[in-house]
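Residues per chain, in single letters:
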Amino acid sequence: AQSVAQPEDQVNVAEGNPLTVKCTYSVSGNPYLFWYVQYPNRGLQFLLKYITGDNLVKGSYGFEAEFNKSQTSFHLKKPSALVSDSALYFCAVRDMWTGGFKTIFGAGTRLFVKA
Amino acid sequence: NAGVTQTPKFQVLKTGQSMTLQCAQDMNHEYMSWYRQDPGMGLRLIHYSVGAGITDQGEVPNGYNVSRSTTEDFPLRLLSAAPSQTSVYFCASSQTQENTEAFFGQGTRLTVV
């Protein structure tokens, strides 16, 4: 069965330090992988996606993610964290479904960046 | 562009009441979906639609109905609200290709007492 796991409920990092938010997935076919961010009282916003090609994907706000097929992982990274990066981050995988496709979301990881 | 618009933003219902959550998008997206967000559980798919006149169930469809009479609108109906339906509801839309990202509304926070 398709699934997405975000093993950390919360990640704490000091401003200026690198950050990593982890994600692993399980799908039956080729994965289409996404990261979304949710700020308080807002909907989810798209950050970046992996479809095919280069394993390092660059996205909005300086974020990037590394696709690792052998480890079935898609970790979100940023070289230097900002306090304004504090938010809830969701990893998602899109897979084929009867009649089309559906997106499966992880439980979310709360990132807290301390000044 | 307005993107995806949800109304209302907040709602309190009594057990047994019915209501409709509205969702509209102005991007001419064929694919629309409804999710509920509960703490520690991420987003769970309730219903989705791949185009006008076509809807299907997601992971947690019980207690909810949808219809899609136009490309723009995708309302979610709660027929008889239960406390277990207390949640934050998000509507999303995207193009039909599986490699495209979703656009989300700002959510409706629903409390059933």
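Our subject is the structure listed above.
Residues numbered from 1 in each chain as written. Chains lettered and ligands numbered in written order. Predicted model: local features only at pLDDT ≥ 70, side-chain atom pairs only at ≥ 80, totals over all residues. Heavy atoms only, no water.

A. Local environment of the interface of chain A and chain B. Listed by partner, the interface residues are 23 residues for chain A and 27 residues for chain B. Surface buried jointly by chain A and chain B totals about 2,000 Å² across both partners, of which 54% is contributed by carbon and sulfur atoms. At the boundary of chain A and chain B, one finds one salt bridge. Here Glu101 of chain B ties to Lys49 of chain A by a salt bridge, and the two come within 3.0 Å at their closest N and O atoms. For the pair chain A and chain B, the interface holds four residue pairs in polar contact (both at pLDDT 80 or more). Broken down by secondary-structure element, the contributors of at least two residues to the side of chain A that touches chain B are β5 (32-38), β6 (44-50), β10 (87-97) and β11 (100-105) of chain A. In the side of chain A that touches chain B, the residues fall into twelve nonpolar, seven polar and four charged. (Contact = heavy atoms within 4.5 Å. Buried area = accessible area lost by both parts, 1.4 Å probe. Salt bridge = Lys/Arg side-chain N within 4 Å of Asp/Glu carboxyl O. Polar contact = N/O pair within 3.5 Å; in protein donor to acceptor, adjacent residues only side chain to side chain. Helix = DSSP H or I, 4+ residues; strand = E, 2+ residues; numbered from the N terminus. Nonpolar A, V, L, I, M, F, W, Y, C, P; charged D, E, K, R; others polar.)

B. Broad picture of unusual backbone geometry. The peptide bond linking Thr7 of chain B to Pro8 of chain B adopts the cis configuration, its omega dihedral lying at -10°. When you line up the elements, Pro8 of chain B lands in the loop between β1 (4-7) and β2 (10-13). Non-glycine residue Tyr61 of chain A carries a positive phi angle of around 55°. Examined against the element boundaries, Tyr61 of chain A turns out to sit in the loop between β7 (56-58) and β8 (64-68). A relative accessible area of 49% places Tyr61 of chain A in the partly exposed class. At Asn28 of chain B, a residue that is not glycine, the phi angle is positive and equals roughly 60°. With relative accessibility at 57%, the residue Asn28 of chain B sits in the exposed group. (Buried < 20%, exposed > 50% of the residue type's maximum accessible area, 1.4 Å probe, protein only.)

C. Inspection of the environment of Lys49 of chain A at higher detail. Note on placement: Lys49 of chain A falls in strand β6. When the C-alpha atoms of Lys49 of chain A and Val113 of chain A are compared, they prove to be 23 Å apart, with 64 residues separating the residues in sequence. Every residue in contact with Lys49 of chain A, bar those within four places of it in the chain, is listed here: Leu33, Phe34, Val57 and Phe74 of chain A together with Asn99, Thr100 and Glu101 of chain B. Reaching out from Lys49 of chain A, the side chain makes a polar contact with the side chain of Glu101 of chain B at a distance of 3.0 Å.

Any functional reading would require information beyond the geometric quantities listed.
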